[in-house]
Amino acid sequence: FASYYGDHMVLQKEPAGAVVWGYGEPGAAVTVALSGDGGVIVMKKTARVKGPSGTWTIVLDPMDRGGPYALTAGQGSENVTLRDVYFGDVWLCSGQSNMAMTVLQITNASQELAAAARYPYVRVFAAAPARSDVELEDLERIDLPWSIPTAENLGHGNFTYFSAVCWLLGRYLYEALRYPVGLVEAAWGGTPIEAWSSRRALWACGLPEDAGRLAPEAPASGPALCFAPPLSPALSSDISPRWHLSGPQTPSVLWNAMIHPLLNMTLRGVAWYQGEANAFLHTDRYNCTFPALIADWRWAFHVGSAGQTEPLLPFGFVQLSTYRRQSPDDSFARLRWHQTADLGVVPNARMPGTFMAVAMDLCDERSPYGRRVPGGGGARAQRRSYRIPTPAPLLFLGSIHPRDKQNVAHRLHLGARAVAYGEKGLVFQGPYPTRAVLEVSKGLLNLTYSQELVCRRKDTRAFEVCCSPQPSPCGWLPAPVVAVESRTVTLALAGCGMLVLGLRYAWAEWPCEYESCALYNTRGLPAPPFL
C-alpha cells in the first residue's frame, strides 16, 4: 500500500467510494479484499499494476459508516493486511504555523489531552514537513501514521503533531455526526500560499513573475482558473518588491511534496489556516491566489480520486487572527478582506462551497509562542526572516499564535455543518451589513444588518469613513457608534459633510480586545470586517 494507508485508518464512506493504491510488479494482478468481523469478505476487487510507475489503484464500492474492517492487498503469494479500518469522513487540514500548533500549546492543554481517550473513532495522521521541486506520487516521510488519539500523539511537541485546530474540528464534527472521522494534517509554519499552490494555480494569477522562464507553455489540462480582480481604489496597493524565496517558501514546493501525493485520497472536506506569511508577501494578490488554490485543489482531488471526491469539495478556512497591537500598516486587514475574495463573507459567487471562522477577536498578547524581535535590522529584516517563531521569554510584542483554538475550531465546525453537511437553519456566520442609508441633514449613516445584533463595545474605533475628495489614499476618520438597535447601527459622520466614499469596520491588525469587538450576533459569533 502507499504510505498513507495503515492500521487504524479512516476511509471515506458513502456516497463516495474510497480510493486505495499501492505498489507491485508491473503487469501483475493485485487483489484487494475487505473483510469484516470473523473474516467474512464483504468486497473483493482486482487491478493490474501499471508500468513504469509500478502502481495499482482500486476504487472501493461505497461503504456505510462503521467498522472495524481488515483490508488485504495480495499479489501472488505475498499479501499485506491493514487492520482496524473504519469508514467515515476524511478531512484534510493544511496551512502554516497556526494550523501546525499542537494540542500541547493551546488553552487548557492538559484537559484537552486527557480527553483524547474519549474519542477513539476520531483517527489522526500527520504528513512530515517536506518540499520538492517536482510533483511527488507518494509522501517522502510521515510524522504520525494513522493512530487512535492519545495525549502523547496529540501533544507531541510544539508545532509538530497533532494540529489543535484540526483535532478540535474533527472532535466537534464527531460529536455532531456520531460516526468515525479521519484527520490528515499537512502543515508547515511560516509558509506562503504560493508554496502550497500548483504551477497551474500560480499561472492563473500571473505568478511567479518569471513564470515565462519557469513554464514556457501554459498548462494544457486543468481547471479553467481565471481570477484577477482589479484592486479596489480604497486599498492603497503595495505589491511587495521582488522577494528571494527559499526553502519551504519557494513556489509550489509544498504542493509538490505534501499535497500532490494525497490526491488519490477520497476526501469529505478541507480545513485551511494560512495567510500570516502573505501579510508580508504578495498581499494584494491573495484575492486571486486563494480562490485559485481552492479551485485547483478541488479539480486535482476530484481527478486524482477517479471522480470520487466531489468537484465542489467543501473548503473551510480561518480568517487571520491578530499579531501586533501597534502595526505599521494595514496588511493584516487587507489580507482578511482578500481571504473572502474582497466580498466580506463566504460562501460567495467567487468562493462557492466555502466557510470561514472569524478569529480577529481571539487575540492573545501573552502567548509564549510569539516572536522575538531580533536586534537591529529594522522591520524589513524582521519581515524577511519570517520563520517558525521561537518562544519569547520576556518581550511580548503581541503574538501571531493565539492559544484559544477552541473558539476557532467551534466557529469552523459550525460552517462545516452548514456548508459541507447542509444542516438547515444553523447560524454559522456573524452579522453582515445588507444596506446603508445616509441621513445627510443629521450627519448620520444607518446600517442595516442581516441578523439580530449584540453590541459588546461602543467606544472602540470600530467604524471608519472615507470622505476625502480624492479616493486614494483615503484619509479615514472614525465614525462613532451613536446607537445600536436590533438590526441597525447608527454612525455619526462628524466632519464628513455629504461625501462618503467608503466605510470600513474592524480594519486593524488588532481590532479589539479578547472577545470584545463591537458587534456580534446572539450566538456570540463576531461580525466580520469589511471595506
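Preceding this section is the structure that the text describes.
The rules behind the values
Residues numbered from 1 in each chain as written. Predicted model: local features only at pLDDT ≥ 70, side-chain atom pairs only at ≥ 80, totals over all residues. Heavy atoms only, no water. Pairing = 2+ DSSP bridges. Helix = DSSP H or I, 4+ residues; strand = E, 2+ residues; numbered from the N terminus. Salt bridge = Lys/Arg side-chain N within 4 Å of Asp/Glu carboxyl O. Buried < 20%, exposed > 50% of the residue type's maximum accessible area, 1.4 Å probe, protein only. Axes fitted to C-alpha atoms, helices over the stretch in contact; angles between N-to-C directions. Phe/Tyr/Trp six-rings, centres within 6.5 Å; stacked < 30°, edge-to-face > 60°.

**Focus on the pairing of strand β19 (residues 481-484)**
- Pairing between β19 and strand β20 (residues 488-492): three bridges, direction antiparallel. Residue pairing in the sheet places V484 in a bridge with V489 of β20.
- Connecting β19 to the antiparallel partner β20 that follows it, the hairpin turn spans three residues.

**A few points about the pattern of salt bridges**
- The final tally for this structure, using the stated rule, is 18 salt bridges.
- Salt-bridge contacts for K45 lead to D61; the nearest nitrogen and oxygen are separated by 2.8 Å. Of this pair, K45 sits in strand β4 (residues 41-48) while D61 sits in the loop between β5 (55-59) and β6 (66-75), and the two are 16 residues apart along the sequence.
- Overall, K45 belongs to the partly exposed group, its relative accessible area being 24%.
- The residue E310 makes a salt bridge to R268 at a minimum N-O spacing of 3.5 Å. Of this pair, E310 sits in the loop between α9 (286-304) and β12 (315-318) while R268 sits in the loop between α8 (253-259) and β11 (269-273), and the two are 42 residues apart along the sequence.
- Note on E310: relative accessible area 35%, which makes it partly exposed.
- Three or more residues are tied together by salt bridges with common partners; here these are D89, R268 and E310.

**Some details on unusual backbone geometry**
- With an omega of -5°, the peptide bond running from G51 to P52 counts as cis.
- Looking at where P52 falls in the secondary structure, it is placed in the loop between β4 and β5.
- Omega for the bond connecting V346 with P347 falls within 30 degrees of zero, at -5°, which places this linkage in the cis form.
- In this fold, P347 is placed in the loop between α10 (331-338) and β13 (354-357).
- Backbone geometry at D342 places phi at a positive 65°, although glycine is not the residue there.
- Inspection of the secondary structure assignment puts D342 in the loop between α10 and β13.
- Classification of D342 by relative accessible area gives buried; the value is 16%.

**What about the sheet that holds strand β17 (residues 463-466)?**
- Strand order across the open sheet formed by three strands is β18-β17-β21, with antiparallel pairing between neighbours. Each having just a single partner strand, β18 (476-478) and β21 (502-505) make up the two edges of the open sheet. Strand-to-strand twist of the sheet, defined as the mean angle between neighbouring strand axes without regard to direction, takes the value 30°.
- Relative to β21, β17 is paired through four bridges, and the arrangement is antiparallel. Each residue of the ladder has a partner; that of V465, found in β21, is L503.

**So, the sheet that holds strand β15 (residues 444-449)**
- What the four strands build is an open sheet, ordered β14-β15-β20-β19; its pairing is antiparallel. The open sheet has two free edges, formed respectively by β14 (433-439) and β19, since each of these has just one partner strand. The mean inter-strand angle of the sheet, taken between neighbouring strand axes irrespective of direction, is 20°.
- Relative to β20, β15 runs antiparallel, the two sharing five bridges. Residue L444 lies in a different strand from β20, and its bridge partner there is A492.

**Focus on the packing of aromatic side chains**
- Overall, the coordinates contain 29 aromatic pairs when judged by the stated rule.
- Ring geometry for F125 versus W146: centroids 5.6 Å apart, planes at 40°, classification tilted. Of the two residues, F125 is situated in strand β8 (residues 122-127) and W146 in strand β9 (residues 142-147); the sequence distance between them amounts to 21 residues. An identical accessibility class is assigned to F125 and W146; each is buried.
- Here a set of aromatic residues connected by ring pairs shows up, and it is made of W196, W272, Y286, F290, W297, F301, F315 and F317.

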